[in-house]
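# Coordinates in review
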Amino acid sequence: MAAPVILDTYFKRTVLGALGLLKGMSVTLGYFFRPSRILTEQYPENRKTLKLHPAFRGEVIMPHDENGDHKCTGCTLCEKACPNATISVLNTKNIAGKKVLGKYIYRIDQCTLCGLCIEACPFDAIHMGNGFEHARTQRDGFDLILNKKEGRG
Amino acid sequence: MDLSTTNFIGDLVREYSPYSWVASIVNGVIAIVAIMAVGVGPSPMLIWWERKVAAFTQARLGPMRVGPWGLLQTVCDVIKLLFKELITPHGADKLLFFLAPALPLTGSFLVLAVIPWDHNLQVANPGMGVPFIIAVSSLGILGTLLAGWSSNNKFSLLGALRCGAQMISYEVSLSLIMLFVVLMSGSADVREIVLSQQGNVTDWWIIKAPFLGIAAFVMYMISATAELNRGPFDMSEAEQELTAGFHTEYSSTAFAMFFLAEYINMVATSALASVFFLGGFLPFAFPDFGFAPIVGVVASINGALAILPGFFWMAGKILFLITLFMFFRWTYPRPRVDQLMSLEWKFLLPANLILLGLGAVFIAFGLILP
């Protein structure tokens with residue numbers, strides 16, 4: 001009884017194996033004949049038209065609305081959430097004596113882009129941006145000030 | 001002058017040279033230069049094409065920076081390779097160490113010498129062309145084993161043994177498939193094998209021998225991939241998993257020669273596959289099946305296709321087969337060494353023996369397509 005079973009599996013494995021090989025070829029041939037699926041970006045040449053994935057983490061940004069206002073209240077939760085002291089929130093007082101944001105300092109050379117500050121923010125004031133060209137000639141250039149004006153808008 | 005029988009260039013030289021020995025030398029030099037050009041010339045382009053195929057199958061672009069579409073990338077690589085230091089390992093057998101890279105190259109050049117590129121473009125046409133090919137292609141194995149042995153490195157030796165076992169095993173089934181084609185065409189003369197496929201596509205051996213032809217072709221491609229030490233059967237090198245195998249200790253030009261031999265071997269093997277199964281230098285011609293309304297149209301299309309010279313068709317078929325080899329390499333995962341051996345000795349060898357027997361039966365009962 002053993003021989004037919006062995007023969008059966010032999011032919012079954014041969015046929016299934018051949019089909020599997022053909023399936024593999026169809027996948028690679030499919031990629032080969034569809035250049036639109038190529039993911040490579042020709043970066044320095046296509047800098048103007050470069051489209052990055054929306055989830056790409058390049059830097060921490062603070063979005064400003066059309067009046068130049070931001071949502072930051074200076075609560076320093078992001079500063080406390082940051083594992084490597086990338087963020088310093090320097091607060092000041094406005095005319096009414098209320099504590100408001102003075103300078104939001106973001107040291108991009110220390111940032112690991114972990115995104116904990118964005119998760120910590122209760123006011124949705126900071127986001128992850130797509131910008132990635134962070135080369136600087138001076139070390140001071142890495143200390144960015146994210147807010148454009150003092151206080152909350 | 002009947003173009004299908006004369007030796008065009010050779011006869012021309014013999015006609016205008018004063019002594020016969022002058023003609024012999026001139027013809028020899030022309031032959032060597034031609035083989036070198038055919039073998040070495042396309043290799044940089046093939047390396048570029050391989051990298052492009054690899055990239056496109058993986059949704060990448062491949063080399064794009066040097067020259068248009070990265071065409072000059074290989075030139076840069078070759079220049080870099082030639083300027084590197086040629087290191088001889090301590091305690092290596094120097095003579096064998098530097099002889100070894102030349103042997104695979106010699107073997108592939110000798111195979112290229114008997115391949116008919118056109119009706120009168122063939123360096124030599126021995127009556128026993130196929131046994132000659134089987135004999136000289138073994139030089140590659142010798143080079144591999146010598147390279148591993150003379151490197152004075154135990155890992156090189158292990159790689160060479162692995163590679164030698166693989167190449168010797170697959171040469172058995174490769175030779176059997178060649179014998180199958182010899183059986184079908186009734187001649188061991190490479191040129192006669194091509195001329196036995198004259199007519200349209202259905203006269204090529206891949207179709208002319210019903211079912212057997214396509215099975216033989218598939219098995220030829222599998223055995224040739226293993227014989228060439230290319231992926232998925234590149235256990236001798238296995239860049240991602242092992243050290244380089246038999247050429248671990250080679251650098252600079254010696255390594256370049258192994259690398260070159262791989263690509264020239266690929267050209268030679270594809271040329272042989274095209275000669276054996278795809279009609280060699282004969283032009284592609286559609287069959288009309290004797291169907292009256294299309295006979296005229298098919299005849300005119302075939303006439304237009306036949307205008308292109310034979311070496312163009314040969315080159316086209318070779319390029320197609322090489323691209324197929326490249327697709328194999330970039331599609332399939334690498335099997336284990338024991339799986340490779342069982343594929344050869346438990347599957348391909350019995351299948352080839354059955355194929356040979358069936359071929360004889362088909363010929364005896366006249367089952368070959370007219």
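Residues numbered from 1 in each chain as written. Chains lettered and ligands numbered in written order. Predicted model: local features only at pLDDT ≥ 70, side-chain atom pairs only at ≥ 80, totals over all residues. Heavy atoms only, no water.

## Section: the confidence of the model for chain B
Under the convention used in this document: Each residue gets a pLDDT score, which is the predictor's confidence in that residue and runs from 0 to 100.
Mean pLDDT over chain B works out to 86, with 98% of the residues at or above the 70 mark. If you check the scores for this complex, the pTM reads 0.84 and the ipTM reads 0.72.

## Some remarks on the environment of Ile145 of chain A
All names here are of chain A. Worth spelling out the cut-off: Segments assigned H or I by DSSP are reported as helices when at least four residues long, segments assigned E as strands when at least two residues long, and all are numbered from the N terminus. Any pair of residues with heavy atoms lying within 4.5 Å of one another is described as a contacting pair.
Relative to the assigned elements, Ile145 resides in strand S5 (residues 143–145). As a C-alpha pair, Ile145 and Tyr104 span 41 residues in sequence and 5.4 Å in three-dimensional space. When neighbours within four sequence positions are excluded, Ile145 is seen to be in contact with Lys103, Tyr104 and Ile105.

## Focus on the packing of helix H2 (residues 20–40) of chain B against helix H6 (residues 102–113) of chain B
Each packed pair of helices is defined by two parameters, the angle between the axes and the distance between the axes. Residues and elements named next belong to chain B. Which entries qualify depends on this criterion: Here the axes come from fitting lines to C-alpha atoms, over the contacting stretch only for helices, and the angles between their N-to-C directions go from 0 to 180 degrees. An angle below 35 degrees is treated as roughly parallel, one above 145 as roughly antiparallel, one from 65 to 115 as roughly perpendicular, and anything else as oblique. For any pair of crossing helices, the crossing counts as left-handed if the nearer helix is rotated counterclockwise from the farther one by less than a right angle, and right-handed if it is rotated clockwise. In this count, Pro and Cys sit with the nonpolar residues alongside Ala, Val, Leu, Ile, Met, Phe, Trp and Tyr, while Asp, Glu, Lys and Arg are called charged and the others, Gly among them, polar.
Running from N to C, H2 and H6 point in directions that differ by 110 degrees, and their axes come no closer than 10 Å. Of the possible angle classes, the one that applies to H2 and H6 is roughly perpendicular. Taken as a pair, H2 and H6 cross one another with a handedness that is right-handed. Taking contact as the criterion, the partners of Ile35, Met36, Gly39 and Val40 in H2 are, on H6, Phe109, Leu112 and Ala113. Grouping the constituent residues of the contact of H2 with H6 by class yields six nonpolar, one polar and no charged.

## Overview of the domain arrangement of chain B
All names here are of chain B. The condition that has to hold: Domain boundaries shown here were taken from an automatic or database domain assignment. Defined in terms of a 1.4 Å probe, buried area is the accessible area two parts forfeit on being brought together, summed over both. By convention in these notes, a salt bridge is any Lys or Arg side-chain nitrogen within 4 Å of a carboxyl oxygen on Asp or Glu.
Parsing chain B into structural domains produces domain 1 (1–40), domain 2 (43–73) and domain 3 (84–364). For domain 1 versus domain 3, the separation of C-alpha centres amounts to 26 Å. With twelve residues of domain 1 at the contact, the number on the domain 3 side is eleven residues. Counting each side, the surface lost to burial between domain 1 and domain 3 is near 980 Å², with a carbon and sulfur contribution of 72%. Joining domain 1 to domain 3, the criterion identifies zero salt bridges. Those elements giving two or more residues to the side of domain 1 that touches domain 3 turn out to be helix H1 (8–16) and H2. The class makeup of the residues in the side of domain 1 that touches domain 3 is eight nonpolar, four polar and no charged.

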